[in-house]
Amino acid sequence: MISQKMQGLVDNNSVIRQMFEEGKRMALEFGEDKVYDFSLGNPNVPAPDKVGQTIENLLKNEDPVMLHGYMPNAGFTDVRDRIASSLNRRFDTSFTADNIMMTVGAAGGLNCALKALINPGDEVLTFAPYFVEYRNYVANYDGVLKEVAPDTETFQPDLEAFKDAVTPKTRALIINNPNNPSGVIYPEDTITAIADILRKKQEEYGTEIFIISDEPYRELVYTGAEVPYITKYYDNTIVGYSFSKTLSLPGERIGYLVIPSEASDHDRLFQAVTIANRVLGFVNAPSLMQKVVAECLDEKADIDFYARNRDTLYDALREYGFSCIKPEGAFYMFIKSPTPDEKEFVSRAKEEHILLVPGSSFACPGFVRLAYCVSYETCVNSLPGFKKVAESFGLIRK
Ligand SMILES: Cc1ncc(COP(=O)(O)O)c(C=O)c1O
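Predicted, not measured: the structure shown is a model, and the values here were computed from it.

## Let's talk about the domain arrangement of the chain
According to the domain assignment, the chain consists of domain 1 (4-46 + 302-392) and domain 2 (49-295). Both sides of the domain 1 and domain 2 interface together cover about 2400 Å² of buried area, and 63% of this is carbon and sulfur. Note that Asp142 is salt-bridged to Lys5, the shortest N-O span being 3.1 Å. Contributing elements (two or more residues each) for the side of domain 1 that touches domain 2: α1 (4-11), α12 (303-319), β9 (332-336) and β12 (367-371).

## Things to note about empty space enclosed by the protein
Scanning the entire structure with this criterion turns up two cavities of 30 Å³ or more. Its volume calculated, the largest cavity comes out at about 120 Å³. Lining the largest cavity are 16 residues, with Arg90, Glu219, Tyr241, Phe243 and Leu297 sitting closest to its centre. If you tally residues by element for the lining of the largest cavity, the top one is helix α5 (residues 77-91), at five residues. Looking at the lining of the largest cavity, its residues break down into nine nonpolar, two polar and five charged. Put simply, the second largest cavity is a space of about 40 Å³. If you go around the second largest cavity, the residues you meet are Thr126, Phe127, Pro129, Tyr130, Tyr134, Ile174, Ile175, Asn176, Asn179 and Tyr186. Listing elements by their share of the lining of the second largest cavity, those giving two or more residues are β3 (123-127) and β5 (170-176). The biggest single contributor to the lining of the second largest cavity is β5, with three residues. Broken down by class, the residue content of the lining of the second largest cavity amounts to seven nonpolar, three polar and no charged.

## Overview of the site of the ligand
Lining the immediate surroundings of the ligand are 14 residues, of which Ala106, Asp214, Tyr217, Ser242 and Arg253 lie closest. Here an oxygen atom of the ligand sits 2.8 Å away from a polar atom, N or O, in the side chain of Ser244. With respect to the ligand, the side chain of Arg253 contributes an N or O atom lying 2.7 Å from an oxygen atom. When the free accessible area of the ligand is taken as 400 Å², the share hidden by the protein chains comes to 91%. Comparing atom positions with the cavity grids shows the ligand to sit within the largest pocket.

## Examining unusual backbone geometry
In the segment running from Ala128 into Pro129, the intervening peptide bond is cis, with an omega of -5 degrees. Here the residue pair Asn177 and Pro178 is connected by a cis peptide bond, since its omega of -10 degrees sits within 30 degrees of zero. Mapped onto the elements, Pro178 comes out in the loop between β5 and α9 (188-205). For Asp265, which is not glycine, the phi torsion reads 60 degrees and is therefore positive. Relative to the assigned elements, Asp265 resides in the loop between β8 (255-258) and α10 (266-279).

## Quick word on α9
In this model, α9 (18 residues) spans 26 Å end to end at C-alpha, consistent with the 26 Å of a helix rising 1.5 Å per residue. Buried within α9 are the following residues: Thr190, Ile191, Ile194, Ala195, Ile197, Leu198, Lys201 and Gln202. One face of α9 carries all of its buried residues, which in axial projection span an arc of 165 degrees. Facing away from the buried side of α9 by more than 90 degrees, the exposed set consists of Asp189, Lys200, Glu203 and Glu204. Packed against the buried residues of α9 are β3, α8 (159-165), β5 and β6 (210-214). Where α9 ends, the next residue or the one after it, Gly206, has phi of about 65 degrees, a positive value.

## Describing the packing of helix α13 (residues 342-351) against helix α14 (residues 376-392)
Pairs of packed helices are described in terms of their axes, by the angle between the two and the distance that separates them. Interaxial distance between α13 and α14 falls to 9 Å at its minimum, and their mutual angle equals 135 degrees. Accordingly, the angle class assigned to the pair α13 and α14 is oblique. Crossing geometry of α13 relative to α14 is assigned as right-handed. Counted together, Phe345, Arg348 and Ala349 of α13 and Lys388, Val389 and Ser392 of α14 form the full contact between these two elements.

Basis of the calculations
- Residues numbered from 1 in each chain as written.
- Predicted model: local features only at pLDDT ≥ 70, side-chain atom pairs only at ≥ 80, totals over all residues.
- Heavy atoms only, no water.
- Domains from an automatic or database assignment.
- Buried area = accessible area lost by both parts, 1.4 Å probe.
- Salt bridge = Lys/Arg side-chain N within 4 Å of Asp/Glu carboxyl O.
- Helix = DSSP H or I, 4+ residues; strand = E, 2+ residues; numbered from the N terminus.
- 1 Å grid on protein atoms, 1.4 Å probe; cavity = no way out; pocket = protein on both sides within 12 Å on 5 of 7 lines; lining within 4 Å.
- Points joined across faces, edges and corners; volume = space filled by probe spheres on them.
- Nonpolar A, V, L, I, M, F, W, Y, C, P; charged D, E, K, R; others polar.
- Near = heavy atom within 4 Å.
- Polar contact = N/O pair within 3.5 Å; in protein donor to acceptor, adjacent residues only side chain to side chain.
- Areas by Shrake-Rupley, 256 points an atom, 1.4 Å probe, with all protein chains shown as cover.
- Sits in = over half its atoms within 2 Å of the grid points.
- Expected span 1.5 Å × (residues − 1).
- Buried < 20%, exposed > 50% of the residue type's maximum accessible area, 1.4 Å probe, protein only.
- Arc of directions from axis to C-beta.
- Contact = heavy atoms within 4.5 Å.
- Axes fitted to C-alpha atoms, helices over the stretch in contact; angles between N-to-C directions.
- Parallel < 35°, antiparallel > 145°, perpendicular 65-115°, else oblique.
- Left-handed = near helix turned anticlockwise from the far one by under 90°.

This is how it looks when you write it as structure tokens:
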């Protein structure tokens, strides 16, 4: 008999992952080009050339014992140094290697941060809609995830509701900027307001409340919009970054945490996340990939590729009568379901071989998520199917 904690997870296995499996099955049955799989945030753009070149160089020129060996649990010091310098250059911060811990992607980093902070029963807040794994990650450490309902017109945080949701048990707030699944960016005045609320609540309750800023999409912005660097607004902050999306390396599992020196009890907190990295079984982030990303810090995702997909789908879906916010960042579109039960919409789309994820998977029923990190052809070829779906819900006349 498996553990009680895992029974729940096995019974409710991720809808997104199930969709992904279903997409693979449908591609075999109907042909790859007849299935429009918008279910998973798996970038379709290849990694920048520099990634492959750097791997070749490292394998040719570096000492293999060093390259593939164990290292400090926080990662190679020279890599952490280079990441700190790159952040300082871009965001006018003053980090050193002592502020950076290399992680196994954003997922590994979030787990280390939560393990370091959470006592059983502690509450962690997040704004709906949110990345569905947060609930599981918080539960790993016997914390309780509490969601703050969204303003479904703008998908910006409802700050009044947030203020009311903070209690003496609140240990952390997870924010995700730019946001998966809504594609919105929380601007500077929102971040300032969140920071003000938390500072007051810390004082009122005599507690420490951390912002954990989950930022795998930081570099994926379309309109030149700024994504505020959160450590500049609030001291008790942990930033989680990942190269999964920016460098199209999700399978390589590489990212980092930033623990600013201003965070309360910084040295012990840094030790705690580092030891968490070890005892959770990651031990350290993949060694070769640490060296690779250190050489590729100035490389960028092909944002024009995603922008073209976004514009093509957004313009067509609006024309067919669907309603959704134009994404400012990440590579997701959050579409309002034309019928109250969005699962009905998802099923109807599937009949046209279009795979979408129900918003209830992101604590936001009534909407569906479309991940447009797919080929341009997939976007264009899916449009007749979307049109038929729109017709069947009476959004446009035949
Ligand atoms: C908001 C968010 N956080 C974290 C992750 C996990 O990213 P990683 O592959 O770096 O673990 C994802 C992946 O899709 C995500 O969308």
